[in-house]
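Spelled out, the chains give:
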Amino acid sequence: YMSPRHQEALGHLLYGTGQYGGFVQLTGEVGTGKTTVVRALLAQKLDHLDVAVILNPRQNEEEFVASICDELHVKYPKKGSLKSRVDALNAHLLKAHAAGRRTVLIIDEAQNLPPAVLEQVRLLTNLETDKEKLLRIMLVGQPELAALLGRPDLRQLGHRTTARSHLTPLERHEAAEYVGHRMRIAGGDPAVFAPRAI
């Protein structure tokens, strides 16, 4: 079930995969459908797009960049430095760009990113050609993420945001539509619940 707000959020994420997409922020309380929107994005037929999804943001910088490399199947020295991992990632991104492919990094539960890793995220947004970013980044998280990116020491990251979307809880009529949608998906009769029960 995609409410108008979910469709708008999906539109922001789709924009973030495009030529001018750079840094996209999607926030919402627990249970508002952030993961559903990300899944809807991943279900799209997005030609020429490589996606890395980080589900566990509680990592140090080396582990974080290694996780991105692992997601994109980038070979890097296992005992190398952070620089060697970033260099390997950058070389991969340049090669992908030359082949006409775009690369997107989606970080879920991004409100849990340690400050040092957030700084690494900012540095990764510097990977670019003369015309476009090599890595499009989507931060998905709870409302604390917006507050985190609003901190003075992270303002450079906040200024690079090209699209922001915030999911709010469903309205009463949307909740009824949602229940009806789920009943239809399950093969049941949406009218089984009285309006008062909804």
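What you see is a predicted model; the values in this text were computed from it and never measured. (Residues numbered from 1 in each chain as written. Predicted model: local features only at pLDDT ≥ 70, side-chain atom pairs only at ≥ 80, totals over all residues. Heavy atoms only, no water.)

Enquirer: Teacher, can you tell me more about the pairing of strand E3 (residues 102-107) here?
Expert: Along a regular strand, successive side chains alternate from one face of the sheet to the other. Counting buried positions along E3 gives five out of six residues, so the element sits mostly inside the fold. Looking at chain direction, strand E2 (residues 49-54) and E3 are connected through six bridges and run parallel. Across the sheet, the residue bridging to Ala52 is Leu105, located in E3. Direction of pairing for E3 relative to strand E4 (residues 135-141): parallel, over a ladder of five bridges. In the strand pairing of E4, Leu105 is matched with Ile137. Taken together, E3, helix H5 (residues 115-124) and E4 form a β-α-β motif whose crossover is right-handed. (Buried < 20%, exposed > 50% of the residue type's maximum accessible area, 1.4 Å probe, protein only. Helix = DSSP H or I, 4+ residues; strand = E, 2+ residues; numbered from the N terminus. Pairing = 2+ DSSP bridges. Right-handed = clockwise from strand over helix to strand, strands pointing away.)

Enquirer: What is the right way to read helix H8 (residues 172-185) from this model?
Expert: The periodicity of an α-helix, 3.6 residues per turn, causes residues three or four positions apart to be oriented the same way. Taking 1.5 Å of rise per residue, the 14 residues of H8 would be expected to cover 20 Å, and the 20 Å separating its terminal C-alpha atoms lies within 8% of that figure. Regarding H8, the residues found buried are Glu174, Gly180 and Met183. In this structure, the buried residues of H8 make contact with helix H1 (4-17). Of the residues flanking the end of H8, it is Gly187, one or two places downstream, whose phi is positive at about 85°. (Expected span 1.5 Å × (residues − 1). Contact = heavy atoms within 4.5 Å.)

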